[in-house]
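Observations on the model geometry
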Amino acid sequence: MPQVNTTSISGKDLLERLRTKSPEHYQKLVRLYTERNEAIESNLSQTYVPNGKAEEFIKIVGAGKTFVSMFVAANGVGKSAAGANIVTNIIFSPQSKWFQYPLFQKWPYEKRGRIISDPTTLKEKIIPELRKWFPVNEVKNIPDANFEELKEGKGYTRKITTNTGWTIDLMSTEQDTKEFESVDLSFCWIDEPMPKDRFMATLARGRMGMVVFWTFTPLTYSAWIKDWMDERSADAGYLNYVEAELEDQCVDHGVRGILKHENIKRISDGFPEDEREARVFGKFGHLIGRVHKGFKRSIHVIKPFPIDERRFTTYKALDPHPRVADHVLYMSVDSKGTKFITGEIISEGLVKELHSRMVAFEAAMNYRMQGRIIDPAAFNDDQHRKENSVAIQLLNLGEHYIGGSKDLQAGIKRTNDALSYQEVNGRMVKPPELYIFDTCPVAIKQLDEYVWSEWKGPSKDDKQPRGKPKDVNDHQVENLHRLLLSEPIFTHYVQVLNQREMPGGSGNAMTSGPYDYHDSDNLDPYDR
């Protein structure tokens, strides 16, 4: 009997043969397909597949260990779909393998939620997304319906109740702050940026236990959000976030992405510069043109550890100023050349008071000081005051400084090199040269917000990069530039008995003289 080559027969042909030769089996197969399709259409949340970044966000929320979880992302990454599916899986329990986490499996708080966005987004995006992902209603009203929508006199759905016992308010960011101070809540989904006063009023409603998940592209109202994140970033139990750019939704370069790369490029090229950072890269709009774009808090900012004088050599840079506070930055170097910003001092007052604070801080930190540099302007005498320059005053107190480099562009390049790192599949294959203790908030904030200046052209489209950063709140960044350009190195610990130091001083000025150093690759600064 001749063999039939089934690989050359289409699915349509097979169905036709089945219909002709076995109508009963054909009808059974059609019925199964119909039931399957109806089941899928009645609950699309069971078919939801997040991209890689959305999966990270779902995992953070589902773990239930963070008060505020944020998805800071470009347009088109799938923020709203992720938020709507998180709400669905909270209300109706886990609907797929992507939501098998404690918070979804067993909700620990009362069943009262809130969803916040601007009026247009609520009406045109949020409510359609919820209708799409919620289980479909076969009837209109609870208890037979899965959910019921109430407008309460608004132009959009104002409240949702469910047959699982939930009540969810939908609120506009344009509503009065007082309206946000009403009922206690157990979850809040915020979509897109919102004013700070309404956000703080919402947080106050979590007295009985609450989780907040926030999906947004950092445009309007974003500046205060970034500052708030900076203040809370050290507390993992309070705040955690995922950042995503449009490429994370790419078929070729993302994880389970759905957009073609050429379409992403076309979208990106269409945005003006002042929106591209936020809409394409998910970066805060008020930080357009960051100078040190490689700086990432989750990579470079670390918890402090004790500084052993035998395993670290420490250097400092001072940026004194007649009108604002003086800024001091400390850099400790280990035997492998890795550099750690381990301390900072912000001081107002006389040079003598600054010196006393530095000496006390260095003793408390157990620093082995090796070198000191200062803004070259500190060597200039003040013609209007009968006193020596800051550098000379410090010399008289026992501390010898040398002037740091004035090469701004070289400092920028050297710092970007030190921040550079490489990750492959979540594994660090090339760690950065520079880390910063989270106990140095001023240095972290200034480094994060150090941006390029722009020419003020006749119109928005005529603005051109000026080629230099804005000269504001840059004191610790300039200290960092100068420290890195001085190429500080690890020197071996040498204990000297009966050494007499200059009064109040420690270490040496950074000079080109000889250092006591050797090949120290076998020394591990963390080996206690």
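Every value quoted in this text rests on a predicted model; they were computed, and no experiment measured them. Per-chain numbering applies: the sequence of each chain, read as written, is numbered from 1 onward. Only residues with pLDDT of at least 70 are given local features in this predicted model, and only at 80 or more are side-chain atom pairs given and counted; all residues enter the totals for whole chains, interfaces and linings. Hydrogens and water molecules were not included; the side-chain quantities draw on all heavy atoms of the structure.

1. Comments concerning the sheet that holds strand β7 (residues 211-216)
One key point about sheets: their strands pair by backbone hydrogen bonds, in either a parallel or an antiparallel sense. Being paired, for any two strands, means DSSP has found at least two bridges between them. What counts as a helix is a DSSP run of H or I of at least four residues, what counts as a strand is a run of E of at least two, and both are numbered from the N terminus. Spatially, eight strands are ordered β3-β4-β5-β2-β6-β7-β1-β8 in an open sheet, and the strand pairing comes out mixed. One side of each edge strand has no neighbouring strand; the edge strands of this open sheet are β3 (147-150) and β8 (239-244). For this sheet, the mean inter-axis angle between neighbouring strands, taken without regard to orientation, is 15°. Two strands pair when backbone bridges link them, and strand β4 (residues 159-162) and strand β5 (residues 167-172) are joined in this way by three bridges, in the antiparallel orientation. The partner of I160 across the bridge, within β5, is I168. Axes here refer to lines fitted to C-alpha atoms; in helices the fit is confined to the stretch in contact. Angles between the N-to-C directions go from 0 to 180 degrees.

2. Considerations on unusual backbone geometry
The phi angle of most residues is negative, glycine excepted, and most peptide bonds adopt the trans form. Phi is positive for S93, which is not a glycine, with a value near 75°. Within the chain, E487 stands out as a residue other than glycine whose phi angle is a positive 50°. Mapped onto the fold, E487 is located in the segment after α16 (475-485). For E487, a relative accessible area of 41% corresponds to the partly exposed category. When a residue's accessible area, from a 1.4 Å probe over protein chains only, is under 20% of the maximum for its type it is buried; when over 50% it is exposed; and in between it is partly exposed.

3. What about the packing of aromatic side chains?
Stacked, edge-to-face and tilted labels apply to pairs of Phe, Tyr and Trp rings (six-membered ring for Trp) whose centres lie within 6.5 Å, assigned for plane angles under 30 degrees, over 60, and everything in between, in that order. The tally for this structure, following the rule as stated, stands at 26 aromatic pairs. Relative to F147, the ring of F134 lies with its centre 5.1 Å away and its plane at 75°, an arrangement referred to as edge-to-face. Placement of the pair is F134 in the loop between α6 (119-133) and β3 and F147 in strand β3, with a sequence separation of 13 residues. Here the aromatic rings of Y330 and Y367 are separated by 5.1 Å at their centres, their planes lie at 25°, and the arrangement is stacked. Here Y330 is found in strand β11 (residues 326-333), whereas its partner Y367 is found in the loop between α12 (351-364) and β13 (369-374), with 37 residues between them in sequence. The class for Y367 is buried, based on a relative accessible area of 8%. Pairwise contacts between aromatic rings join F67, F199, W214, F216, W224, W228 and Y238 into one cluster. Charge over a ring is defined by NZ of Lys or CZ of Arg lying within 6 Å of the ring centre and within 35 degrees of the ring normal. The ring of Y238 has R232 sitting right over it, with the charged end atom 4.1 Å from the ring centre.

4. Quick notes on the nonpolar core
Among buried residues, the Ala, Val, Leu, Ile, Met, Phe, Trp, Tyr and Cys ones that are joined through side-chain atoms within 4.5 Å form a nonpolar core. Counting 46 residues, the largest nonpolar core has F71, I86, I115, L130, F187 and F213 as its most contacted members. The element that contributes the greatest number of residues to this core is helix α4 (residues 79-91), accounting for seven residues. Residue contacts follow a heavy-atom distance rule, with two residues in contact if any of their heavy atoms lie within 4.5 Å. In contact with F71, not counting residues within four places along its chain, are K53, A54, F57, V77, G78, K79, A82, W214, T215, F216, V242 and A244. Ranked by size, the runner-up nonpolar core spans 43 residues in total, among them L394, A418, L419 and L480.

5. Focus on the pattern of salt bridges
The salt bridge criterion pairs a side-chain nitrogen of Lys or Arg with a carboxyl oxygen of Asp or Glu, the two atoms within 4 Å. Throughout the structure, instances matching the rule amount to 26 salt bridges. Close ionic contact of K303 with D438 constitutes a salt bridge, the shortest N to O distance being 3.3 Å. Here K303 is found in the loop between β9 (301-302) and β10 (313-319), whereas its partner D438 is found in the loop between β17 (434-437) and α15 (441-448), with 135 residues between them in sequence. For D438, a relative accessible area of 22% puts it in the partly exposed group. Put simply, E362 and K316 hold a salt bridge, and the shortest N to O gap is 2.7 Å. Taken together, the positions of E362 in helix α12 and K316 in strand β10 put the pair 46 residues apart, joining distant regions of the chain. With respect to class, E362 is no different from K316; both count as buried. It is possible to trace a salt-bridge network through shared partners that takes in K339, R414, E433 and E487.

6. Considering the sheet that holds β9
Here we have seven strands laid out as an open sheet, ordered β9-β17-β12-β11-β10-β13-β14, and mixed in their pairing. Whereas interior strands pair on both sides, the edge strands pair on one side only; in this sheet they are β9 and β14 (402-403). Bridge analysis of β13 against β14 gives two bridges, and the strand direction is parallel. If you follow I373 over to β14, its bridge partner there is I402. Packing against the sheet, α16 makes contact with β10, β11, β12 (339-347), β13 and β17, and its axis sits at approximately 35° to β11.

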